[in-house]
Amino acid sequence: MKFYVVIDGRLETRTLSRRELAAASFATEGYVSGIVAVGSKGIDARVNGRPMLSVQPKADGTFSFGYYGKFKPEQLLVAGAVEENDGIKTLEPPRKPLFGSDVYSCFPMVPADTLSRDARFVIEFETGDALWRMQVRHSGGRKIAEPSEIGNGGNFVPFRYVGAQKAPVNEFNDELYQRMDAISRGIRNVESTFQAELVGTVNILEFKEIHNAVTCIDKNDIWFYINTFRQEPINELNVIAEHEALHILVDRLNLTRNTVVRKMFADLKGFDEFSIERFWIVTQGKTGSRGRLRKGEQGYFFDFISERNYLSGMKGGHPQEDLDEFCTSFLHTLMYMDRFEANLQKAEGVGIQGKELIIANYIKLLEVVRQRLNSSGNPHGDMAGSISNIRFVSERLDMIKGLGQQLQAANASSPPAE
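Given the structure is predicted, the values throughout are model-derived calculations rather than measurements.

**Let's talk about the sheet that holds strand E5 (residues 44-47)**
With mixed pairing, 5 strands are arranged side by side in an open sheet as E3-E14-E13-E5-E6. In the strand order of this sheet, the two ends are held by strand E3 (25-27) and strand E6 (50-51), each with one partner. Both strand E13 (residues 120-127) and strand E14 (residues 130-137) contribute to a ladder of 8 bridges, which runs antiparallel. If you follow Ile123 over to E14, its bridge partner there is Met134.

Dropping the structure here:
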């Protein structure tokens, strides 16, 4: 059995020998982020009640675990350290993979997250009448104290730190307050604008090898990697938090599944009617790696809705990468529509037709958002049919249509080019 553990911000592995497995316990000062085991076929394997997956090998015989890498089963089938009579420990040679063995794995949805927020959890392997259980102890995760708990007050979202107990977030201080406050304000700004409760917990991962913040489908948490939380400017953290909260909103409204949105995205990417890239986007909502950064002739719309264009000095915004980023950046601009007209006027390299296309795309997307908010089929009833939400979108729709009419009138009154 192999454990993937995060210790001092780095991912390490611990492979247990037969003797260590016989002890039926494992402990680490870090936290467990993944488990791989080799055993007989047909085992019911569970981590804290969550089923472990039976993984199929690739053509070369290796097993791939995404961000966690790959290996061959015989790398686990090592007897481990054996203490001889003279007290010298030796390592038995690797054994060949057992006939009929299978590979089981359990990993979190977010790379380097913890498998369990509890300080203790259980691994179970069951087959027939036989049950084998292992106890695991690790640092798990813990809630970070909020200002209200030490007399400062504040409209903070719940924060949780996933890392070692000795981490420098045990005590509340001014810098920690400012960073938590910036993230909380960004989240509350989105929730207030769209009149929806979106975020449950902000998780800070003590993993230094990724610099990012992420969300997951069907989840209401946000994950910040430690260096993003510590190193980004306060204002940038505020914008990142808005962006990640909007990812959750995009998921709730199912915007990436909408055919109008998918076809528009494929058009802006410049994929022709019979290309495989367009087929993937329209039918599956996926963007191939080769076309991820591509922009078509109308791709200036991506630049227009990018956070860089609306939020001066901010780094975020990559709406051309995939449908989720596209929809998220678009929703983000709706929070700053007082800047829309000025941005339209100063749009570089975009003529009258280009500006008309920007307005036409905004109208299409706004109508999709309004339809999703007003849909009785919306699986999230807390937003469906909300009067304030529909009013919010309708006001922006009327504004965009008004600007479109002004643009058409100005174009009609302009003298023809000689």
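Here the narrative resumes.
**As for the pairing of E14**
Taken residue by residue, a regular strand's side chains alternate between the two faces of the sheet. By the bridge criterion, 3 bridges tie E3 to E14 in an arrangement that is parallel. Across the sheet, the residue bridging to Phe26 is Val136, located in E14. Where E13 hands over to E14, the hairpin turn is made up of 2 residues, of which Gly128 adopts a positive phi near 60 degrees.

**Section: the sheet that holds strand E15 (residues 142-143)**
Judged by pairing direction, the sheet is mixed, and its 5 strands sit side by side in the order E15-E16-E17-E19-E18 without closing on themselves. The open sheet has two free edges, formed respectively by E15 and strand E18 (213-214), since each of these has just one partner strand. For strand E17 (residues 202-205) and strand E19 (residues 222-225), the ladder comprises 4 bridges, and the chain directions are parallel. Bridge pairing in E19 links Leu205 to Tyr225. Sheet contacts for helix H4 (residues 234-253): E18 and E19; angle to E19, the most-contacted strand, approximately 145 degrees.

**Focus on the packing of helix H5 (residues 259-269) against helix H6 (residues 276-284)**
Helix-helix packing is described using two parameters, namely the angle between the two axes and the distance between the axes. For the pair H5 and H6, interaxial distance at closest approach is 8 Å and the crossing angle is 160 degrees. As the angle between them shows, H5 and H6 are arranged roughly antiparallel. Here H5 runs over H6; the crossing is right-handed. Contact residues: Arg262, Lys263, Phe265, Ala266 and Asp267 in H5; Arg278, Ile281, Val282, Thr283 and Gln284 in H6. Its residues assigned to classes, the contact of H5 with H6 comprises 4 nonpolar, 2 polar and 4 charged.

Here is what the cut-offs are and how they apply
Residues numbered from 1 in each chain as written. Predicted model: local features only at pLDDT ≥ 70, side-chain atom pairs only at ≥ 80, totals over all residues. Heavy atoms only, no water. Pairing = 2+ DSSP bridges. Helix = DSSP H or I, 4+ residues; strand = E, 2+ residues; numbered from the N terminus. Contact = heavy atoms within 4.5 Å. Axes fitted to C-alpha atoms, helices over the stretch in contact; angles between N-to-C directions. Parallel < 35°, antiparallel > 145°, perpendicular 65-115°, else oblique. Left-handed = near helix turned anticlockwise from the far one by under 90°. Nonpolar A, V, L, I, M, F, W, Y, C, P; charged D, E, K, R; others polar.

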